[in-house]
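The primary structure of each chain is shown beneath.
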Amino acid sequence: MHRFGYTNTEVMTKDDIITLPNTHLRQKSQRVGIITPEVKQIIADMKAATLDWDASREHEVGVALAAIQIDKLYRIVIVREDYSDKKNHGFTVFINPEITKYEGEMIADFEGCLSVPNVYGKVPRYSKVRVKALDINGKQFRVTAEDFLARIFQHEIDHTKGKVFIDHIKDDPEAFYRLGENGKLATLDYEKDIKNNADLWPKG
Ligand SMILES: [Zn+2]
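Residues numbered from 1 in each chain as written. Predicted model: local features only at pLDDT ≥ 70, side-chain atom pairs only at ≥ 80, totals over all residues.

S.K.: What should I look at first to understand the pairing of strand E6 (residues 176–179) in this one?
M.R.: Regular strands have side chains that alternate between both faces of the sheet. Pairing geometry for strand E4 (residues 116–134) and E6, over three bridges, is antiparallel. For valine 119, the partnering residue across the bridge sits in E6 and is arginine 178. Where E6 lies against strand E7 (residues 185–187), three bridges are found, and the strand directions are antiparallel. In the strand pairing of E7, arginine 178 is matched with alanine 186. The hairpin turn running from E6 into E7, its antiparallel successor, is five residues long, and glycine 183 in that turn takes a positive phi close to 85°. (Pairing = 2+ DSSP bridges. Helix = DSSP H or I, 4+ residues; strand = E, 2+ residues; numbered from the N terminus.)

Shown next as C-alpha coordinates:
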(Lines give C-alpha, C1' and ligand atoms only; values in the text may rest on other atoms or scores of the structure.)
Protein backbone atom coordinates (compact mmCIF):
# COMPACT_ATOMS: atom_id res chain seq x y z
CA MET A 1 0.00 0.00 0.00
CA HIS A 2 1.15 3.52 -0.69
CA ARG A 3 0.15 6.70 0.97
CA PHE A 4 0.50 10.36 0.20
CA GLY A 5 1.86 13.10 2.40
CA TYR A 6 5.02 11.27 3.37
CA THR A 7 7.65 14.01 3.56
CA ASN A 8 10.76 11.92 3.36
CA THR A 9 10.85 10.88 -0.27
CA GLU A 10 14.10 8.98 -0.08
CA VAL A 11 14.35 5.99 2.22
CA MET A 12 17.87 5.28 3.37
CA THR A 13 19.52 2.08 2.26
CA LYS A 14 22.72 0.19 3.03
CA ASP A 15 24.45 2.38 0.43
CA ASP A 16 24.05 5.36 2.77
CA ILE A 17 26.27 3.62 5.34
CA ILE A 18 29.74 5.11 5.15
CA THR A 19 32.71 2.79 5.30
CA LEU A 20 36.46 3.08 5.78
CA PRO A 21 38.52 4.86 4.44
CA ASN A 22 35.92 7.64 4.99
CA THR A 23 37.67 9.86 7.55
CA HIS A 24 34.36 10.99 9.12
CA LEU A 25 34.35 7.67 10.99
CA ARG A 26 37.21 8.95 13.09
CA GLN A 27 35.50 12.24 14.01
CA LYS A 28 33.82 12.95 17.33
CA SER A 29 30.04 13.26 17.28
CA GLN A 30 28.20 16.09 19.00
CA ARG A 31 25.78 15.83 21.87
CA VAL A 32 22.07 15.99 21.00
CA GLY A 33 20.37 18.97 22.63
CA ILE A 34 16.68 19.12 21.85
CA ILE A 35 15.16 16.08 20.18
CA THR A 36 14.02 17.80 17.00
CA PRO A 37 12.21 16.31 14.00
CA GLU A 38 15.65 16.18 12.34
CA VAL A 39 16.94 13.93 15.14
CA LYS A 40 13.88 11.68 14.79
CA GLN A 41 14.45 11.51 11.04
CA ILE A 42 18.09 10.50 11.60
CA ILE A 43 16.92 7.67 13.89
CA ALA A 44 14.40 6.47 11.27
CA ASP A 45 17.14 6.61 8.63
CA MET A 46 19.52 4.63 10.84
CA LYS A 47 16.93 1.88 11.29
CA ALA A 48 16.14 1.73 7.57
CA ALA A 49 19.80 1.59 6.58
CA THR A 50 20.58 -1.14 9.14
CA LEU A 51 17.65 -3.32 8.09
CA ASP A 52 18.49 -2.91 4.41
CA TRP A 53 22.09 -3.93 5.13
CA ASP A 54 20.81 -6.83 7.23
CA ALA A 55 18.61 -8.06 4.37
CA SER A 56 21.64 -8.11 2.06
CA ARG A 57 23.83 -10.24 4.34
CA GLU A 58 23.32 -13.94 4.52
CA HIS A 59 25.55 -14.79 7.47
CA GLU A 60 25.35 -11.64 9.59
CA VAL A 61 22.85 -9.65 11.61
CA GLY A 62 22.91 -5.85 11.80
CA VAL A 63 22.82 -5.57 15.58
CA ALA A 64 23.46 -1.88 16.10
CA LEU A 65 24.41 1.38 14.41
CA ALA A 66 25.74 4.80 15.41
CA ALA A 67 24.57 7.96 13.61
CA ILE A 68 28.05 8.71 12.25
CA GLN A 69 27.72 5.55 10.17
CA ILE A 70 25.10 7.34 8.05
CA ASP A 71 27.37 10.39 8.14
CA LYS A 72 25.48 12.30 10.86
CA LEU A 73 27.77 13.55 13.60
CA TYR A 74 25.33 13.08 16.48
CA ARG A 75 25.67 10.94 19.57
CA ILE A 76 22.86 8.54 18.72
CA VAL A 77 23.03 4.75 18.84
CA ILE A 78 20.38 2.17 17.97
CA VAL A 79 20.55 -1.42 19.20
CA ARG A 80 18.46 -4.30 17.88
CA GLU A 81 15.89 -5.50 20.44
CA ASP A 82 16.59 -9.15 19.67
CA TYR A 83 19.72 -9.67 17.62
CA SER A 84 19.39 -13.43 17.73
CA ASP A 85 16.27 -13.09 15.57
CA LYS A 86 16.83 -11.56 12.12
CA LYS A 87 13.04 -11.24 11.76
CA ASN A 88 12.73 -8.93 14.76
CA HIS A 89 13.07 -5.44 13.30
CA GLY A 90 12.68 -3.52 16.57
CA PHE A 91 15.43 -1.25 17.93
CA THR A 92 16.09 0.54 21.19
CA VAL A 93 17.31 4.12 20.80
CA PHE A 94 20.10 5.58 22.97
CA ILE A 95 20.64 9.33 22.70
CA ASN A 96 23.88 10.76 24.17
CA PRO A 97 24.82 7.31 25.51
CA GLU A 98 27.59 7.15 28.08
CA ILE A 99 29.25 4.28 29.88
CA THR A 100 29.12 5.12 33.58
CA LYS A 101 30.89 2.01 34.84
CA TYR A 102 33.08 -0.76 33.45
CA GLU A 103 32.90 -4.06 35.30
CA GLY A 104 33.66 -7.73 34.98
CA GLU A 105 36.74 -8.86 33.11
CA MET A 106 38.37 -8.11 29.79
CA ILE A 107 37.42 -10.71 27.21
CA ALA A 108 38.68 -10.81 23.62
CA ASP A 109 35.98 -11.93 21.19
CA PHE A 110 34.90 -11.40 17.60
CA GLU A 111 33.22 -8.26 16.40
CA GLY A 112 32.54 -6.70 13.04
CA CYS A 113 31.25 -3.36 11.83
CA LEU A 114 28.91 -2.24 9.06
CA SER A 115 31.49 0.43 8.26
CA VAL A 116 34.39 -2.03 7.96
CA PRO A 117 33.11 -4.54 5.40
CA ASN A 118 34.12 -8.19 5.80
CA VAL A 119 36.85 -7.57 8.37
CA TYR A 120 36.36 -9.09 11.80
CA GLY A 121 38.54 -8.64 14.82
CA LYS A 122 39.10 -10.24 18.18
CA VAL A 123 38.74 -7.20 20.41
CA PRO A 124 39.26 -7.10 24.18
CA ARG A 125 36.22 -5.56 25.92
CA TYR A 126 34.82 -5.42 29.43
CA SER A 127 32.25 -8.14 30.07
CA LYS A 128 29.87 -5.78 31.87
CA VAL A 129 29.04 -2.09 31.51
CA ARG A 130 26.49 0.33 32.86
CA VAL A 131 25.05 2.77 30.35
CA LYS A 132 23.15 6.01 30.78
CA ALA A 133 21.25 7.61 27.87
CA LEU A 134 18.17 9.56 26.85
CA ASP A 135 15.21 7.92 25.16
CA ILE A 136 13.35 9.33 22.19
CA ASN A 137 11.31 11.58 24.53
CA GLY A 138 14.42 13.00 26.16
CA LYS A 139 13.94 11.01 29.35
CA GLN A 140 17.05 9.58 30.98
CA PHE A 141 17.29 5.83 31.48
CA ARG A 142 19.99 3.36 32.49
CA VAL A 143 20.80 -0.18 31.48
CA THR A 144 23.29 -2.76 32.67
CA ALA A 145 24.67 -4.87 29.85
CA GLU A 146 26.67 -8.08 30.00
CA ASP A 147 28.55 -10.25 27.53
CA PHE A 148 27.73 -9.56 23.86
CA LEU A 149 25.42 -6.64 24.68
CA ALA A 150 28.20 -5.05 26.73
CA ARG A 151 30.46 -5.47 23.69
CA ILE A 152 27.86 -3.79 21.46
CA PHE A 153 27.68 -0.74 23.72
CA GLN A 154 31.45 -0.37 23.90
CA HIS A 155 31.70 -0.68 20.10
CA GLU A 156 28.89 1.81 19.39
CA ILE A 157 29.84 4.38 22.02
CA ASP A 158 33.36 4.23 20.57
CA HIS A 159 31.79 5.31 17.24
CA THR A 160 30.39 8.45 18.91
CA LYS A 161 33.99 9.26 19.94
CA GLY A 162 35.46 8.67 16.49
CA LYS A 163 36.93 5.29 17.32
CA VAL A 164 36.59 2.19 15.14
CA PHE A 165 36.96 -1.34 16.57
CA ILE A 166 40.12 -2.03 14.55
CA ASP A 167 41.84 0.87 16.36
CA HIS A 168 41.91 -1.30 19.52
CA ILE A 169 43.78 -4.11 17.80
CA LYS A 170 45.92 -2.13 15.36
CA ASP A 171 49.18 -3.72 16.49
CA ASP A 172 47.93 -7.24 17.12
CA PRO A 173 48.94 -9.53 14.22
CA GLU A 174 46.71 -12.33 15.53
CA ALA A 175 43.48 -10.35 15.87
CA PHE A 176 42.23 -9.88 12.30
CA TYR A 177 39.85 -12.16 10.43
CA ARG A 178 37.85 -12.09 7.23
CA LEU A 179 34.35 -13.42 6.68
CA GLY A 180 34.35 -15.94 3.86
CA GLU A 181 31.43 -16.57 1.52
CA ASN A 182 30.74 -19.76 3.44
CA GLY A 183 30.01 -17.67 6.54
CA LYS A 184 33.18 -18.84 8.30
CA LEU A 185 35.93 -16.64 9.63
CA ALA A 186 39.44 -17.09 8.30
CA THR A 187 42.60 -15.41 9.55
CA LEU A 188 43.96 -12.48 7.57
CA ASP A 189 47.61 -12.01 6.74
CA TYR A 190 48.53 -9.13 9.04
CA GLU A 191 51.68 -8.07 7.19
CA LYS A 192 50.08 -8.26 3.76
CA ASP A 193 46.41 -7.34 4.31
CA ILE A 194 46.25 -5.21 7.45
CA LYS A 195 49.43 -3.47 8.58
CA ASN A 196 49.78 -0.98 5.71
CA ASN A 197 46.20 -1.09 4.43
CA ALA A 198 45.38 2.50 3.44
CA ASP A 199 41.62 1.80 3.56
CA LEU A 200 41.79 0.83 7.21
CA TRP A 201 44.33 3.44 8.28
CA PRO A 202 43.90 6.43 5.93
CA LYS A 203 46.47 9.15 6.33
CA GLY A 204 45.39 12.63 7.46
ZN1 LIG B 1 30.63 -0.32 14.04
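S.K.: Mind showing me how you'd approach the nonpolar core here?
M.R.: One broad rule of soluble globular proteins: the nonpolar side chains tend to lie buried together. One finds Val77, Ile78 and Val79 to be the most contacted residues of the largest nonpolar core, which totals 43 residues. Per-element accounting of this core gives the leading share, six residues, to E4. The residues contacting isoleucine 78, other than those within four sequence positions of it, are Ile43, Met46, Lys47, Thr50, Ala64, Leu65, Phe91 and Val93. (Core = buried A, V, L, I, M, F, W, Y, C linked by C-beta atoms within 7 Å. Buried ≥ 20, exposed ≤ 12 C-beta atoms within 10 Å, placed from the backbone. Contact = placed C-beta atoms within 7 Å.)

S.K.: When you look at the pairing of strand E5 (residues 140–146) in this model, what are you seeing that I'm missing?
M.R.: As defined by bridge partners, E4 adjoins E5 across seven bridges and the pair is classed as antiparallel. From the neighbouring strand, leucine 134 faces E5, where its bridge partner is glutamine 140.

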